[in-house]
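This is what each chain is made of:
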Amino acid sequence: MNYTFFEELQSNAFPALQTVMYDGWSVRFGGGFTLRVNCANPMYEGTLPAAEKIDHVENLYTVRNMPPMIKVHDGMTDRDTVNAELDRRGYAEMRRGNIFVCDLEQNPPKTTGLAVVSEVMTDDWLTDFLDMNGTTDPVQREAAFKMLKNIAMPIQAASIVENGRIIACGLGVYERGYVGLYDIFVDSSCRRRGLGGEICSAIMAKGRELGAHHAYLQVLADNFGARKLYYGLGYEESYEYWFRVKNN
(Lines give C-alpha, C1' and ligand atoms only; values in the text may rest on other atoms or scores of the structure.)
Protein backbone atom coordinates (compact mmCIF):
# COMPACT_ATOMS: atom_id res chain seq x y z
CA MET A 1 0.00 0.00 0.00
CA ASN A 2 1.42 3.36 -1.06
CA TYR A 3 0.10 5.47 1.81
CA THR A 4 1.85 8.64 0.67
CA PHE A 5 0.18 8.39 -2.74
CA PHE A 6 -3.30 8.30 -1.23
CA GLU A 7 -2.51 11.10 1.21
CA GLU A 8 -1.34 13.23 -1.73
CA LEU A 9 -4.53 12.49 -3.66
CA GLN A 10 -6.67 13.56 -0.73
CA SER A 11 -4.65 16.73 -0.12
CA ASN A 12 -4.93 17.77 -3.77
CA ALA A 13 -8.64 16.95 -3.88
CA PHE A 14 -9.36 19.30 -0.97
CA PRO A 15 -6.81 22.14 -1.11
CA ALA A 16 -6.52 24.15 2.10
CA LEU A 17 -6.58 27.93 2.23
CA GLN A 18 -3.03 27.81 3.58
CA THR A 19 -0.50 25.00 3.99
CA VAL A 20 2.76 24.94 5.91
CA MET A 21 5.17 22.06 5.28
CA TYR A 22 7.36 21.09 8.22
CA ASP A 23 9.69 18.07 8.14
CA GLY A 24 7.28 15.95 6.14
CA TRP A 25 4.12 17.17 7.89
CA SER A 26 1.52 19.17 5.97
CA VAL A 27 -0.07 21.65 8.40
CA ARG A 28 -3.33 22.83 6.86
CA PHE A 29 -5.73 25.68 7.55
CA GLY A 30 -9.23 25.77 6.09
CA GLY A 31 -11.34 28.22 8.04
CA GLY A 32 -12.91 25.45 10.10
CA PHE A 33 -14.54 23.69 7.13
CA THR A 34 -13.97 19.92 7.52
CA LEU A 35 -11.32 18.29 9.67
CA ARG A 36 -9.19 17.18 6.73
CA VAL A 37 -8.13 20.76 5.93
CA ASN A 38 -7.76 21.93 9.53
CA CYS A 39 -5.18 19.49 10.81
CA ALA A 40 -1.54 18.52 10.56
CA ASN A 41 -1.16 15.55 8.23
CA PRO A 42 2.08 13.48 8.36
CA MET A 43 2.89 12.98 4.67
CA TYR A 44 6.55 11.97 4.43
CA GLU A 45 9.17 10.52 6.69
CA GLY A 46 11.11 13.28 8.43
CA THR A 47 14.17 13.59 10.61
CA LEU A 48 12.98 15.63 13.59
CA PRO A 49 11.67 14.10 16.85
CA ALA A 50 7.88 13.78 17.11
CA ALA A 51 7.78 16.06 20.15
CA GLU A 52 9.52 18.87 18.25
CA LYS A 53 7.10 18.60 15.33
CA ILE A 54 4.09 18.58 17.62
CA ASP A 55 5.43 21.67 19.39
CA HIS A 56 5.60 23.46 16.04
CA VAL A 57 2.09 22.37 15.08
CA GLU A 58 0.69 23.54 18.39
CA ASN A 59 2.28 26.96 17.96
CA LEU A 60 0.90 27.35 14.44
CA TYR A 61 -2.66 26.57 15.49
CA THR A 62 -2.56 28.40 18.80
CA VAL A 63 -1.62 31.74 17.24
CA ARG A 64 -4.66 31.34 14.97
CA ASN A 65 -6.95 30.52 17.90
CA MET A 66 -7.55 27.02 16.53
CA PRO A 67 -7.37 23.76 18.47
CA PRO A 68 -4.24 21.77 17.49
CA MET A 69 -5.32 18.69 15.54
CA ILE A 70 -3.19 15.93 14.04
CA LYS A 71 -4.23 13.21 11.63
CA VAL A 72 -2.69 9.82 12.41
CA HIS A 73 -2.77 6.93 9.94
CA ASP A 74 -1.41 3.44 9.42
CA GLY A 75 1.20 4.55 6.90
CA MET A 76 3.23 6.59 9.38
CA THR A 77 6.57 4.96 10.20
CA ASP A 78 6.56 6.74 13.57
CA ARG A 79 2.85 6.26 14.26
CA ASP A 80 3.29 4.64 17.67
CA THR A 81 5.79 7.28 18.79
CA VAL A 82 3.51 10.11 17.69
CA ASN A 83 0.49 8.49 19.33
CA ALA A 84 2.37 8.04 22.60
CA GLU A 85 3.44 11.70 22.61
CA LEU A 86 -0.12 12.82 21.87
CA ASP A 87 -1.36 10.63 24.74
CA ARG A 88 1.15 12.27 27.04
CA ARG A 89 -0.11 15.71 26.04
CA GLY A 90 -3.75 14.82 26.58
CA TYR A 91 -4.91 14.68 22.97
CA ALA A 92 -8.30 13.05 22.52
CA GLU A 93 -9.15 10.72 19.65
CA MET A 94 -11.99 11.57 17.28
CA ARG A 95 -13.35 10.58 13.88
CA ARG A 96 -11.74 7.19 13.23
CA GLY A 97 -12.23 5.94 9.70
CA ASN A 98 -10.83 4.05 6.71
CA ILE A 99 -9.80 4.60 3.13
CA PHE A 100 -11.82 2.35 0.84
CA VAL A 101 -10.56 1.48 -2.66
CA CYS A 102 -12.44 0.00 -5.64
CA ASP A 103 -10.95 -1.61 -8.75
CA LEU A 104 -13.08 -0.18 -11.55
CA GLU A 105 -11.96 -2.81 -14.04
CA GLN A 106 -13.29 -5.59 -11.83
CA ASN A 107 -16.30 -3.55 -10.65
CA PRO A 108 -17.48 -1.42 -13.57
CA PRO A 109 -20.06 1.08 -12.29
CA LYS A 110 -23.66 0.68 -13.38
CA THR A 111 -25.63 3.88 -13.82
CA THR A 112 -29.27 4.61 -14.69
CA GLY A 113 -28.75 8.18 -15.84
CA LEU A 114 -30.65 9.54 -12.87
CA ALA A 115 -27.63 11.45 -11.61
CA VAL A 116 -26.19 14.28 -13.68
CA VAL A 117 -22.43 14.86 -13.54
CA SER A 118 -20.84 18.14 -14.56
CA GLU A 119 -17.14 18.87 -14.93
CA VAL A 120 -17.85 22.46 -13.91
CA MET A 121 -18.62 23.43 -10.32
CA THR A 122 -21.16 26.24 -10.51
CA ASP A 123 -21.97 28.59 -7.64
CA ASP A 124 -25.52 27.21 -7.55
CA TRP A 125 -24.31 23.62 -7.25
CA LEU A 126 -21.82 24.56 -4.54
CA THR A 127 -24.49 26.47 -2.62
CA ASP A 128 -26.78 23.42 -2.68
CA PHE A 129 -23.84 21.16 -1.80
CA LEU A 130 -23.08 23.18 1.34
CA ASP A 131 -26.77 23.33 2.24
CA MET A 132 -26.97 19.54 1.93
CA ASN A 133 -23.97 18.93 4.18
CA GLY A 134 -25.26 21.33 6.81
CA THR A 135 -22.57 24.02 6.54
CA THR A 136 -24.41 27.10 7.81
CA ASP A 137 -21.61 29.12 9.42
CA PRO A 138 -20.84 32.08 7.10
CA VAL A 139 -17.08 31.89 7.74
CA GLN A 140 -16.97 28.19 6.93
CA ARG A 141 -19.13 28.65 3.82
CA GLU A 142 -16.81 31.36 2.53
CA ALA A 143 -13.79 29.15 3.19
CA ALA A 144 -15.46 26.20 1.46
CA PHE A 145 -16.24 28.28 -1.63
CA LYS A 146 -12.63 29.39 -1.91
CA MET A 147 -11.15 25.93 -1.37
CA LEU A 148 -13.50 23.94 -3.56
CA LYS A 149 -13.33 26.48 -6.38
CA ASN A 150 -9.54 26.17 -6.18
CA ILE A 151 -9.36 22.42 -6.88
CA ALA A 152 -6.74 22.06 -9.62
CA MET A 153 -7.68 18.53 -10.74
CA PRO A 154 -10.66 17.55 -12.95
CA ILE A 155 -13.82 17.50 -10.85
CA GLN A 156 -17.16 15.73 -11.15
CA ALA A 157 -20.04 17.64 -9.55
CA ALA A 158 -22.88 15.11 -9.31
CA SER A 159 -26.49 15.78 -8.43
CA ILE A 160 -29.97 14.34 -8.60
CA VAL A 161 -32.78 16.87 -9.01
CA GLU A 162 -36.40 16.18 -8.21
CA ASN A 163 -39.21 18.72 -8.47
CA GLY A 164 -36.73 21.49 -9.07
CA ARG A 165 -34.45 20.87 -6.08
CA ILE A 166 -31.33 18.84 -5.47
CA ILE A 167 -32.09 15.78 -3.35
CA ALA A 168 -28.68 14.08 -3.61
CA CYS A 169 -25.19 15.22 -4.51
CA GLY A 170 -21.51 14.36 -4.30
CA LEU A 171 -18.12 15.47 -5.49
CA GLY A 172 -15.54 13.53 -7.46
CA VAL A 173 -11.92 14.51 -8.09
CA TYR A 174 -9.75 12.71 -10.65
CA GLU A 175 -5.99 12.40 -10.47
CA ARG A 176 -3.40 9.90 -11.72
CA GLY A 177 -5.78 7.09 -12.58
CA TYR A 178 -7.86 7.42 -9.40
CA VAL A 179 -11.18 9.14 -8.85
CA GLY A 180 -11.91 10.19 -5.29
CA LEU A 181 -15.48 10.38 -4.00
CA TYR A 182 -16.18 13.07 -1.42
CA ASP A 183 -19.18 14.13 0.66
CA ILE A 184 -21.99 11.99 -0.73
CA PHE A 185 -25.24 13.43 0.63
CA VAL A 186 -28.90 12.47 0.27
CA ASP A 187 -31.77 14.59 1.57
CA SER A 188 -33.18 13.04 4.74
CA SER A 189 -36.65 12.82 3.19
CA CYS A 190 -35.36 10.85 0.20
CA ARG A 191 -33.24 8.14 1.76
CA ARG A 192 -33.57 4.38 1.25
CA ARG A 193 -34.17 4.91 -2.46
CA GLY A 194 -30.68 4.02 -3.64
CA LEU A 195 -29.81 7.63 -4.46
CA GLY A 196 -26.45 7.52 -2.69
CA GLY A 197 -25.44 4.56 -4.83
CA GLU A 198 -26.58 6.41 -7.96
CA ILE A 199 -24.39 9.40 -7.09
CA CYS A 200 -21.38 7.19 -6.40
CA SER A 201 -21.81 5.15 -9.57
CA ALA A 202 -22.21 8.27 -11.70
CA ILE A 203 -18.98 9.79 -10.33
CA MET A 204 -17.13 6.50 -10.77
CA ALA A 205 -18.37 6.18 -14.36
CA LYS A 206 -17.30 9.73 -15.21
CA GLY A 207 -13.94 9.10 -13.59
CA ARG A 208 -13.52 5.99 -15.69
CA GLU A 209 -14.17 8.05 -18.82
CA LEU A 210 -11.29 10.28 -17.75
CA GLY A 211 -9.01 7.26 -17.39
CA ALA A 212 -9.55 6.14 -13.81
CA HIS A 213 -8.85 2.48 -13.11
CA HIS A 214 -9.57 2.79 -9.38
CA ALA A 215 -11.85 4.81 -7.12
CA TYR A 216 -11.30 5.67 -3.48
CA LEU A 217 -13.18 7.33 -0.65
CA GLN A 218 -13.10 7.99 3.09
CA VAL A 219 -15.69 6.53 5.43
CA LEU A 220 -16.05 6.75 9.20
CA ALA A 221 -15.74 3.55 11.21
CA ASP A 222 -19.23 3.93 12.72
CA ASN A 223 -21.04 4.86 9.50
CA PHE A 224 -22.38 1.35 9.00
CA GLY A 225 -24.94 2.30 6.36
CA ALA A 226 -22.34 3.95 4.13
CA ARG A 227 -19.90 1.10 4.59
CA LYS A 228 -22.56 -1.41 3.50
CA LEU A 229 -23.26 0.70 0.40
CA TYR A 230 -19.58 0.91 -0.53
CA TYR A 231 -18.98 -2.80 -0.04
CA GLY A 232 -21.90 -3.40 -2.39
CA LEU A 233 -20.28 -1.20 -5.03
CA GLY A 234 -17.07 -3.23 -4.89
CA TYR A 235 -14.97 -1.19 -2.46
CA GLU A 236 -12.56 -2.89 -0.10
CA GLU A 237 -11.33 -1.56 3.21
CA SER A 238 -7.80 -0.22 3.09
CA TYR A 239 -5.82 1.64 5.74
CA GLU A 240 -7.14 3.31 8.87
CA TYR A 241 -6.84 6.93 9.97
CA TRP A 242 -7.99 8.97 12.95
CA PHE A 243 -7.77 12.51 14.26
CA ARG A 244 -6.24 13.59 17.56
CA VAL A 245 -7.23 16.94 19.04
CA LYS A 246 -5.72 18.69 22.03
CA ASN A 247 -8.01 19.11 25.02
CA ASN A 248 -8.03 22.54 26.63
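Everything below is about the structure shown above.
Residues numbered from 1 in each chain as written. Predicted model: local features only at pLDDT ≥ 70, side-chain atom pairs only at ≥ 80, totals over all residues. Heavy atoms only, no water.

## Side note on the packing of helix H4 (residues 123–132) against helix H5 (residues 138–149)
When two helices pack together, their arrangement is given by the angle between their axes and by how far apart the axes lie. In the contact formed by H4 and H5, the axes pass within 11 Å of each other and the chain directions differ by 130°. The angle between H4 and H5 falls in the class oblique. At the point where H4 passes H5, the crossing takes the right-handed sense. Mapping the contact onto sequence places Asp-123, Leu-126, Thr-127, Phe-129, Leu-130 and Asp-131 in H4 and Arg-141, Ala-144, Phe-145, Leu-148 and Lys-149 in H5. Partitioned by chemical class, the residues of the contact of H4 with H5 number 6 nonpolar, 1 polar and 4 charged. (Axes fitted to C-alpha atoms, helices over the stretch in contact; angles between N-to-C directions. Helix = DSSP H or I, 4+ residues; strand = E, 2+ residues; numbered from the N terminus. Parallel < 35°, antiparallel > 145°, perpendicular 65-115°, else oblique. Left-handed = near helix turned anticlockwise from the far one by under 90°. Contact = heavy atoms within 4.5 Å. Nonpolar A, V, L, I, M, F, W, Y, C, P; charged D, E, K, R; others polar.)

## Structural notes on helix H3 (residues 79–88)
Of all the residues in H3, the buried ones are Val-82, Asn-83, Glu-85 and Leu-86. Buried residues of H3, viewed axially, fall in a sector of 165°; they line one side. With respect to the buried face of H3, the exposed residues turned more than 90 degrees away are Asp-80, Asp-87 and Arg-88. On its buried face, H3 sits against strand S2 (25–29), helix H2 (50–62), strand S4 (69–73), strand S5 (91–103) and strand S11 (236–246). Residue Gly-90 follows H3 closely and has a positive phi angle near 85°. (Buried < 20%, exposed > 50% of the residue type's maximum accessible area, 1.4 Å probe, protein only. Arc of directions from axis to C-beta.)

## Overview of the nonpolar core
Counting residues in hydrophobic clusters, the biggest one holds 37 residues, and the most contacted among them are Phe-6, Met-121, Trp-125, Phe-129, Leu-148, Leu-171 and Tyr-216. Contributions of two or more residues to this core are made by helix H1 (3–13), S5, H4, H5, strand S7 (155–162), strand S8 (165–175), strand S9 (178–186) and S11. By residue number, the principal contributor to this core is H4, which donates 5 residues. In this structure, Val-117, Ala-168, Tyr-174 and Ala-212 belong to the second largest nonpolar core, which totals 28 residues. (Core = buried A, V, L, I, M, F, W, Y, C linked by side-chain atoms within 4.5 Å.)

## A word on the pattern of salt bridges
Applying the stated criterion to the full structure yields 22 salt bridges. Linking Glu-58 and Lys-246 is a salt bridge whose minimum nitrogen-to-oxygen distance equals 3.4 Å. Of this pair, Glu-58 sits in helix H2 while Lys-246 is found in strand S11, placing the two residues 188 residues apart along the sequence. Of the charged contacts, one joins Glu-105 and Arg-208 as a salt bridge, the two residues approaching to 3.4 Å between their closest N and O atoms. Taken together, the residues Glu-105 in the loop between S5 and strand S6 (116–118) and Arg-208 in helix H6 (residues 195–210) connect sequence positions 103 residues apart. (Salt bridge = Lys/Arg side-chain N within 4 Å of Asp/Glu carboxyl O.)

## Overview of unusual backbone geometry
The backbone phi angle of Thr-34 is positive, close to 65°, even though this residue is not glycine. Inspection of the secondary structure puts Thr-34 in the loop between S2 and strand S3 (40–42).

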